[in-house]
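# Coordinate analysis (summary)
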Amino acid sequence: MHHSNGDANRIEAFFSGLAYSPHRHDKFVIGMTIEGVQSFRYRGEDRHSLPGGIVILHPDETHDGRAGTEHGFRYRSAYVEPATIQAALGGKTLPFIAEGMSTDRRLFNAVVRLLEGYDDTLDPLNLDDIMYEVAWSLEAISDQRETKGSYNYRATEIAKSYIDAHLDEQITMDQLEQISNHNRWELSRDFRALLGTSPYRYLIMRRLEKARCMLAEGNAIVETAIACSFSDQSHLTRHFKKTFGLTPKKWQDVLKAGSF
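The rules behind the values
- Residues numbered from 1 in each chain as written.
- Predicted model: local features only at pLDDT ≥ 70, side-chain atom pairs only at ≥ 80, totals over all residues.
- Heavy atoms only, no water.
- Buried < 20%, exposed > 50% of the residue type's maximum accessible area, 1.4 Å probe, protein only.
- Helix = DSSP H or I, 4+ residues; strand = E, 2+ residues; numbered from the N terminus.
- Pairing = 2+ DSSP bridges.
- Salt bridge = Lys/Arg side-chain N within 4 Å of Asp/Glu carboxyl O.
- Contact = heavy atoms within 4.5 Å.
- Core = buried A, V, L, I, M, F, W, Y, C linked by side-chain atoms within 4.5 Å.

### Quick word on the pairing of strand E9 (residues 73-80)
Among the 8 residues of E9, 6 are classified as buried, and the element is accordingly described as predominantly covered. Strand direction decides the pairing type here: strand E4 (residues 28-36) and E9, joined by 8 bridges, are antiparallel. Residue pairing for E9: Thr33 is matched across the bridge by Tyr75.

Structure, rendered in structure tokens:
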């Protein structure tokens, strides 16, 4: 399995059998099946993506991953921040593809641009151009139509930035309400609508990403847990597996084996 830390966390991987146990991200997973049958359970149903098929998993939706046949499957995917899609759409609710798959030609063309040359670093201007195309092609085929009422994009962005800057501290809705000058219940609603996850889940995900970096550098799991504001190793392990589909130890083992 090859992993690239380039823009948008783009990867190409080959799996046979079970790839990932059920888990969820707070990012969009936007991918393409390259060969074989890519099977996954999503929103209560089994889905099967064939070569050339586009997979779009919404933030915070539980999914797994496995080979649909004995021959295994190869895929490429990118993990895209909802805030990136949000910026391109200018405050609309996040697009939602209920089936988790699409054969839309416009989206296909945008995703091909996003995933080609995944080993190379994308030029920033090119990446912005691609993200604009991806965002608006997702919006065009979204199953979630804009609801009545408006969302406070500025307050949501202030709350998000505050969380980013205070990962090691205890954060309360009182604080987020005060710094964003936005009612906590409306802020909770707007955060979910605009960024695809709750403020609490967003905080946990940022801590988990910090933990993943520390583990990749060879730090002990127990030390990583404390450094990333988890109460203990089991607390980190539980959240890590629920989010990434692997335990921290398994993830470190896979890294050492050079297959990730």
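### Brief notes about the pattern of salt bridges
Tallying each qualifying case throughout the model produces 23 salt bridges. Across the pair Glu12 and Arg76 runs a salt bridge, and its minimum N-O distance is 2.5 Å. Remark: Arg76 occurs in strand E9 and Glu12 occurs in strand E2 (residues 10-15); sequence separation between them is 64 residues. In this structure Glu12 comes out as buried when scored by relative accessible area, which is 13%. Arg113 is paired through a salt bridge with Asp129; the nearest N and O atoms lie 3.1 Å apart.

### Section: the environment of Ser229
Within the secondary structure, Ser229 sits in the loop between helix H8 (221-227) and helix H9 (233-244). Between the C-alpha atom of Ser229 and that of Arg189, which follows or precedes it by 40 residues, the distance is 26 Å. If we skip the residues at most four places from it in the chain, Ser229 touches Leu167, Asp168 and Arg207.

### What about the nonpolar core?
Ile30, Ile56, Val80, Ile85, Leu114 and Val134 are the most contacted members of the largest nonpolar core, which totals 24 residues. When residues of this core are traced back to their parent elements, those giving at least two are E4, strand E7 (54-57), E9, helix H1 (82-89), helix H2 (105-115) and helix H3 (124-141). The next biggest cluster of nonpolar side chains, apart from the first, holds 16 residues, and it includes Tyr20, Val55, Leu57 and Phe96.

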